[in-house]
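# Observations on chain architecture
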Amino acid sequence: MNPLRQHFEDRGQGQVFRFFDQISSDQQEQLIRQANAIDLDEIDTLVENLLKSSATQEAALDLQPANYLPVPCNRDSSESWQKAHAIGSQALNDGKVAAFTVAGGQGTRLGFAGPKGTFPISPVSGKTLFQIFAEKIAASEKQHQCTIPWFIMTSEGNHQDTLTFFEENHWFSLSAENIHLFPQGTLPAVDQNGKILLEDKHRIALSPDGHGGSLRALVRSGATQRMADQGIEILSCFQVDNPLVQCIDPTFIGFHLEKKSTLSSKTIMKTNAGEKVGVFCQQGEQTCVVEYSDMSQELQQQTESDGSLSFRAGSIAVHLFDRQLIEQLGGDHDSVTLPFHLARKKISALDKSGQPSSIDGIKFEMFIFDALPFAQSPMILETLREEEFSPVKNAQGNDSPESSKQDQLKQFARWLAAVGIQLPTDDKAVPTINIEISPSFADCEEGFIKAWNNLPTPPKVKDGTILS
Ligand code: UTP
């Protein structure tokens, strides 16, 4: 027997080669190549620790709410916020910051055929998520007179489509050599007994290794080396599904530098105890994010004397990473590495007789926020939900294209109200006309007021108006 096949057999994973004698020699080679890239020790450890062990993944008791820097009422005139803004602007001007989008997810809940970043989301012109980010990054480059390289993590499954999309759209006028796409790692999906699943007779069922896989993908793809060569020290990370995200926020960068943090995160206040977001917590000396599913009802509902939730600082997956922390956690050091989590999902895989089927399987994923306990002086900054967070997760209802478009419209309406223009709204304060403000015109309220006041003749705002 071929030694690789024997090796899988010896480790109890011989089913990977169950149909080997029924497939063509090309397909056999393909399967061997895939199998060769699998670290069976790693799979054994994951199955042993996460699947077979009786230990639950529940967070240990001793949790306290994490400290965070709250948004002051007078944010724009607050001395400390202005100072942070100036520090962050200088770092940008010095070329020390790059942008990073995690875009390797499978987007199953949205049910859109292409990569999620190619989903059209702006209310009038239907700009895609990627175009909105590209325009925001271009606007920051202009404001701070710098180049902001953009790293985008794709997956094996969507890499080519993402690349083609950027090529066809001429990199949205950014410079092609400053946008770096690279696929994240994969891990085999397994069944309830820890047996590796086959997607086809000649293909192992592989899944992306979670957004936390970005740290090792950044190192393995050479992205961190490229950053070092270009003098980039900070990576501004955000998810692909949030059109309101501030891709580059000078104030956030300023606080990160000022507090000598190696990993900073943005938080928004939970709207209710049951809201399904991860929460920033303190566990002894360490800061961490605890998933809502791992937090007891009692802690979720605990309140302070003023009635506010104790565990209220929700994570919106916006972080600043020092390059060195990524190198440390994403490199091949066994001692410091992110933990894996187990996700029970339906997997398209072959059943024992070789028939395509939907199997209750297991995926292994890393979460990017698990880097927090390894960070020095982690800083958490509050931001306002209505300004920076409206993700597109589901096809309908909460966090859907519809809710996200409404949130964009409400933001544009607030900015227009600040220059004295009131849009007609329905009883939920959603504008009843569709308008759009491009990031090239303004990417925040303050910038909007300036840009509007600089217009020689401000336009009449009506249904379909695009300010760009
Ligand atoms: P989600 O947790 O929303 O997962 O990812 P998803 O795969 O996109 O969507 P569902 O759960 O299948 O509906 C949050 C962010 O993390 C990225 C996603 O692209 C998104 O930006 N992500 C997730 C990765 O980059 N890689 C992964 O393996 C998982």
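Whatever comes next refers back to the structure up there.
All of the points below concern the structure found in this document.

Reading the values: rules and limits
Residues numbered from 1 in each chain as written. Predicted model: local features only at pLDDT ≥ 70, side-chain atom pairs only at ≥ 80, totals over all residues. Heavy atoms only, no water. Near = heavy atom within 4 Å. Polar contact = N/O pair within 3.5 Å; in protein donor to acceptor, adjacent residues only side chain to side chain. Nonpolar A, V, L, I, M, F, W, Y, C, P; charged D, E, K, R; others polar. Axes fitted to C-alpha atoms, helices over the stretch in contact; angles between N-to-C directions. Helix = DSSP H or I, 4+ residues; strand = E, 2+ residues; numbered from the N terminus. Parallel < 35°, antiparallel > 145°, perpendicular 65-115°, else oblique. Left-handed = near helix turned anticlockwise from the far one by under 90°. Contact = heavy atoms within 4.5 Å. Buried < 20%, exposed > 50% of the residue type's maximum accessible area, 1.4 Å probe, protein only. Pairing = 2+ DSSP bridges. Phe/Tyr/Trp six-rings, centres within 6.5 Å; stacked < 30°, edge-to-face > 60°. Lys NZ or Arg CZ within 6 Å of the ring centre and 35° of its normal. Salt bridge = Lys/Arg side-chain N within 4 Å of Asp/Glu carboxyl O. Arc of directions from axis to C-beta. Disulfide = S-S within 2.5 Å.

### With respect to the site of the ligand
If you check the shell around the ligand, you find 16 residues, and the closest are Val102, Gly104, Gln106, Thr108 and Gln184. The backbone of Gln106 places a nitrogen or oxygen atom 2.8 Å from an oxygen atom of the ligand. Measuring from an oxygen atom of the ligand, one finds a backbone N or O atom of Gly107 at 3.3 Å. Residue composition of the shell around the ligand, by class: five nonpolar, nine polar and two charged.

### Here's the deal with the packing of helix H13 (residues 401–418) against helix H14 (residues 445–453)
Orientation of H13 relative to H14, taken along the N-to-C sense of each, is 50 degrees, at an axis distance of 9 Å. If you check the angle between H13 and H14, you find them oblique. Seen along the crossing, H13 lies across H14 with a hand that is right-handed. Within the contact between the two elements, H13 uses Trp415, Leu416 and Ala418 and H14 uses Glu445, Phe448, Ile449 and Trp452. When the residues that make up the contact of H13 with H14 are grouped by side-chain class, the tally is six nonpolar, no polar and one charged.

### Details of the pairing of strand S13 (residues 313–322)
With nine of ten residues buried, S13 lies mostly within the body of the structure. Strand direction decides the pairing type here: strand S9 (residues 234–239) and S13, joined by four bridges, are antiparallel. Bridging from a neighbouring strand, Leu235 pairs with Phe321 of S13. As paired strands, strand S10 (residues 263–269) and S13 are joined by six bridges and run antiparallel to one another. Following the sheet pairing, Ile268 is matched in S13 by Gly314.

### Describing the packing of aromatic side chains
Evaluation of the coordinates by the stated rule reveals 19 aromatic pairs. With a centroid separation of 5.6 Å and 75 degrees between ring planes, the pair formed by Trp150 and Phe166 is classed as edge-to-face. You can see Trp150 sitting in strand S3 (residues 150–154) and its partner Phe166 sitting in helix H6 (residues 159–168), a full 16 residues away along the chain. A relative accessible area of 0% places Phe166 in the buried class. Between the NZ or CZ atom of Lys201 and the centre of the ring of Phe19, over which it lies, the distance is 5.4 Å.

### Thoughts on the pattern of salt bridges
All told, the structure shown has 20 salt bridges when counted by the stated rule. The salt bridge involving Asp41 is made with Arg11; its shortest N-O contact spans 2.6 Å. With a gap of 30 residues between them, Asp41 in helix H3 (residues 40–52) and Arg11 in the loop between helix H1 (3–10) and helix H2 (25–36) connect regions that are remote in the sequence. Assessed through its relative accessible area of 28%, Arg11 is described here as partly exposed. With a closest N to O distance of 2.9 Å, Lys127 and Glu135 form a salt bridge. Note on accessibility: Lys127 and Glu135 belong to one class, buried. Salt bridges linked by common partners bring Arg11, Asp41 and Asp44 together as one network.

### Describing H6
Owing to its 3.6 residues per turn, the α-helix aligns residues three or four sequence positions apart on the same side. Every buried residue of H6 is listed here: His159, Thr162, Phe165 and Phe166. The buried side chains of H6 occupy one side of the element, clustering within an arc of 130 degrees when seen end-on. Elements that come into contact with the buried residues of H6 comprise helix H5 (129–144), S3 and strand S4 (179–183). With its phi angle positive at about 50 degrees, His170 sits one or two positions after the end of H6.

### Considering H1
Among the residues making up H1, those that are buried are Leu4, Arg5 and Phe8. Around the axis of H1, the buried residues are gathered within 100 degrees of arc, so they sit on the same side. In this structure, H1 carries Pro3 and Asp10 as exposed residues pointing more than 90 degrees from its buried face. Each element contacted by the buried residues of H1 is listed here: H2 and H3. Measuring from the backbone nitrogen of Leu4 back to the side-chain oxygen at the start of H1 gives 2.7 Å, which picks out Asn2 as the cap.

### What about the state of the cysteines?
Disulfides are covalent bonds that link the sulfur atoms of two cysteine residues. Summed over all chains, the structure comprises zero disulfides. Of the cysteine sulfurs around Cys73, a residue in no disulfide, the closest is that of Cys444, at 19 Å.

### Topic: the side chain of Gln411
As for its placement among the helices and strands, Gln411 is situated in helix H13. When its relative accessible area of 7% is taken as the criterion, Gln411 is described as buried. The contacts of Gln411, once residues within four sequence positions are left out, are Leu244, Glu386 and Glu387.

### Description of the environment of Ile32
Within the secondary structure, Ile32 is located in helix H2. Taking the C-alpha atoms as reference points, Ile32 and Gln355, 323 residues apart in sequence, are found 21 Å from one another.

### As for the packing of helix H4 (residues 79–93) against helix H9 (residues 250–258)
It is the contact of H4 with H9, at a shortest axis distance of 6 Å, that shows an interaxial angle of 95 degrees. Between H4 and H9, the angle falls in the class roughly perpendicular. Contacts between H4 and H9 involve Ser80, Trp81, Lys83, Ala84, His85, Ile87, Gly88, Ser89, Ala91 and Leu92 from the first element and Pro250, Thr251, Ile253, Gly254, Phe255, Leu257 and Glu258 from the second. Per-class residue counts for the contact of H4 with H9 are nine nonpolar, six polar and two charged.

Nothing here speaks to function; it is all geometry.
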